[in-house]
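Close look at the chain arrangement
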Amino acid sequence: MTDSPGATARGRTPQSNPSSRLPRAVVVLAGVGLAVLMVPVLGLLTDAPWTRIPELLATDATLVAMRVSLVVSLSAVVLSVLIGVPTAFVLARLDFPGKALLRTIVSVPLVLPPVVTGVALLSGFGRRGLLGDLTGVGLSNTTVGAVLAATLVAMPFLILSVEGALRNADPEYEAVAASLGAGPLARWWRVSVPLARPSIVAGATLAWARALGEFGATITFAGNIEGVTRTLPLEVSIAIDRDPDRAVALSLVLLAVALAVLVALRDRWVPRR
Amino acid sequence: MPSRTILAAAFAAVAAIASACGGTDDESVIDVYAASSLTDAFTELEAAFEAANPEFDVRLNLAGSNALQRQILDGADAEVFAPADTALLDAVVPAGAPVSTYATNTLTLVVPVGSGPGEPVTAVADLGRAGVLVARCAPGVPCGDATEQWLTAGGQQLGRTSDESNVRAVLSKVRRGEADAGFVYRTDALAAADEVTEIPLQPTVVTTYGVGAVDPEHAGAEAFVTFIEGPTAAVILDELGFERTP
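From a predicted model like this one, the values you see are computed outputs, not experimental measurements.

Here's the deal with the overall build of chain B
A tally of regular secondary structure across chain B gives eight helices and ten strands. Here chain B, with 246 residues, has 44% of them falling under the buried criterion. For chain B, contacts bridging at least 24 residues in sequence account for 77% of all contacts bridging at least 6.

Structural notes on the overall build of chain A
On a plain count of helices and strands, chain A comes out with 13 helices and zero strands. Of the regular secondary structure in chain A, the N- to C-terminal order runs α-α-α-α-α-α-α-α-α-α-α-α-α. Within chain A, buried positions represent 32% of all 273 residues. If you take every contact in chain A between residues at least 6 apart in sequence, the share linking residues at least 24 apart comes to 74%.

Section: helix 12 (residues 232-242) of chain A
A large share of helix 12 of chain A lies buried, amounting to eight of its eleven residues. When helix 12 of chain A is considered as a whole, its buried residues turn out to be Leu232, Leu234, Glu235, Ser237, Ile238, Ala239, Ile240 and Asp241 of chain A.

Remarks on the nonpolar core
Ala149 of chain A together with Val80, Phe81, Ala82, Ala181 and Phe224 of chain B are the most contacted members of the largest nonpolar core, which totals 112 residues. The leading source of residues in this core is helix 8 (residues 143-168) of chain A, at 14 residues. Among residues more than four places away in sequence, those in contact with Ala82 of chain B are Val32, Tyr33, Ala34, Ala35, Leu38, Phe42, Tyr209 and Val211 of chain B.

Some details on the environment of Gly118 of chain A
All names here are of chain A. For Gly118, the position within the fold is in helix 6 (residues 114-125). In this structure Gly118 comes out as buried when scored by C-beta crowding, with 26 C-beta atoms within 10 Å. Here the alpha-carbon distance between Gly118 and Ala217, two residues 99 residues apart in the chain, equals 3.9 Å. Excluding its chain neighbours within four sequence positions, the residues that come into contact with Gly118 are Ala149, Gly216, Ala217, Thr220 and Phe221.

Topic: the packing of helix 5 (residues 99-111) of chain A against helix 8 of chain A
Residues and elements named next belong to chain A. Across the interface, helix 5 lies against helix 8 with an axial gap of 8 Å and an inter-helix angle of 125 degrees. Relative to helix 8, helix 5 is oriented oblique. Classified by chirality, the crossing of helix 8 by helix 5 is left-handed. Contacts from Val106, Ser107, Pro109 and Leu110 in helix 5 reach Leu152, Val153, Pro156, Ile159 and Leu160 in helix 8. Taken together, the residues of the contact of helix 5 with helix 8 break down into eight nonpolar, one polar and no charged.

Considerations on the interface of chain A and chain B
In this complex, chain A contributes 20 residues to the contact, which on the side of chain B involves 23 residues. Within the side of chain A that touches chain B, the residues separate by chemical class into eight nonpolar, seven polar and five charged.

What to know about the pairing of strand 2 (residues 57-63) of chain B
Residues and elements named next belong to chain B. Note that strand 1 (residues 29-35) and strand 2 share seven bridges and pair parallel. Across the sheet, residue Ala34 finds its bridge partner in strand 2, namely Leu62. Between the parallel elements strand 1 and strand 2, the chain passes through helix 2 (residues 39-52) in a crossover that is right-handed.

Overview of helix 6 of chain A
Residue and element names in this part refer to chain A. Taking 1.5 Å per residue, twelve residues should reach 16 Å; helix 6 reaches 16 Å between its end C-alpha atoms and fits that length. Pro114, Thr117, Gly118, Leu121, Leu122 and Phe125 are the residues of helix 6 that are buried. With its buried residues spanning 145 degrees around the axis, helix 6 presents them on a single face. Those residues of helix 6 that are buried are in contact with helix 5, helix 7 (130-135), helix 8 and helix 11 (216-221).

Reading the values: rules and limits
- Residues numbered from 1 in each chain as written.
- Chains lettered and ligands numbered in written order.
- Predicted model: local features only at pLDDT ≥ 70, side-chain atom pairs only at ≥ 80, totals over all residues.
- Helix = DSSP H or I, 4+ residues; strand = E, 2+ residues; numbered from the N terminus.
- Buried ≥ 20, exposed ≤ 12 C-beta atoms within 10 Å, placed from the backbone.
- Contact = placed C-beta atoms within 7 Å.
- Core = buried A, V, L, I, M, F, W, Y, C linked by C-beta atoms within 7 Å.
- Axes fitted to C-alpha atoms, helices over the stretch in contact; angles between N-to-C directions.
- Parallel < 35°, antiparallel > 145°, perpendicular 65-115°, else oblique.
- Left-handed = near helix turned anticlockwise from the far one by under 90°.
- Nonpolar A, V, L, I, M, F, W, Y, C, P; charged D, E, K, R; others polar.
- Pairing = 2+ DSSP bridges.
- Right-handed = clockwise from strand over helix to strand, strands pointing away.
- Expected span 1.5 Å × (residues − 1).
- Arc of directions from axis to C-beta.

Right under this line is the structure:
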């Protein structure tokens, strides 16, 4: 990390007085926005029982929940990339009837309360849902179920990010590749996907962050089973009734992990514009 | 648009949000914070109370007892608190304010009606069997503590459990057949009698419900607490399967 994003920004825009370039009202409202975002985090930091944090966190339950969280959120990202990237390409490059509807369906989990997503998952993949009726087994209350819940809420971030980038992309390169004799699959894999890579990484990062924080759909569909579906957010929900200090300590862990990964990804893999 | 207009609009919006969140000083509204196991009871009690006292409007906040207590301790504008454990009243009801222990409830086991994927649970002894998923309240919330008390007294082990934050979440898991069994109160079992079968527990674990005026200054708070102790409420509570305190 030789240069920070701030340094680059400074190099490109006049540093002298940025507020002179924007109406004062805009800057003031941005300040309000920042305060709204920062106050809860500051509250958490002042609430934190700093001296007791090591003992509060040094339990098997924390490690188990952390493991479940990592397995579930990373699996959800892998799954999202595997099926979300092709979906984004279909939405951006193909014209077919019902495309507007499909695009709406893709965005639905962004708007739906996660608990509703959980209920929908039960109806679809639960023991007594469509899948259960057909096969006699459901995915509810399993780690796979937790991954499914996280994927459903996280994948739209990836799809929308990639689709947006693809629609603004220059089709020239693919045309050149075609003129040089590349087949459709080679063209897609060697030209289109690499060109979309920044948006895939950015979308996957957002999707991962969303998956890590997922709570409502998970507890509704996958339950709160230690070592199986009890992720860190679910562990926090249990701790809050038993030991609020531990809940705050766990929240700090989530905050730290999320910040670390977001910062790392920003600096290393997301190209700056 | 001049920036002053935008600013004024923004401040107006912030002020509107702030006043909406701050609750009301309206004396006709009684904010009642009640445990999830009281969902059906207090919904009916609300209607009966408002019919008898049209000058008041009861506003229910239903959630796990601990979550509600936390909200009140954090300064939520509650007038009445009705947790599933009388001990939770102590921290939030001022000394001398009206308090009543008005009903009790018994912990019970419910299993889903109809076939599930595995061998159904038919007796307490099945609870520890491999592959059985038991929904229960998390330790620390009243129904979870009651469950813990029974497990200790009965010497019963559980296999895999899904720990829920309130009793209605447990009931919902069993109703949908997602859990093979669940620890709830008798009244919850009765409320879902079409979908769950009850397996009574021995020894019995009894929970005592208390209700208290968090804000004794509020005219409606005392009226509501008194109503809960009264004969009209007794009929409603009886019908739902609550036991009356002696």
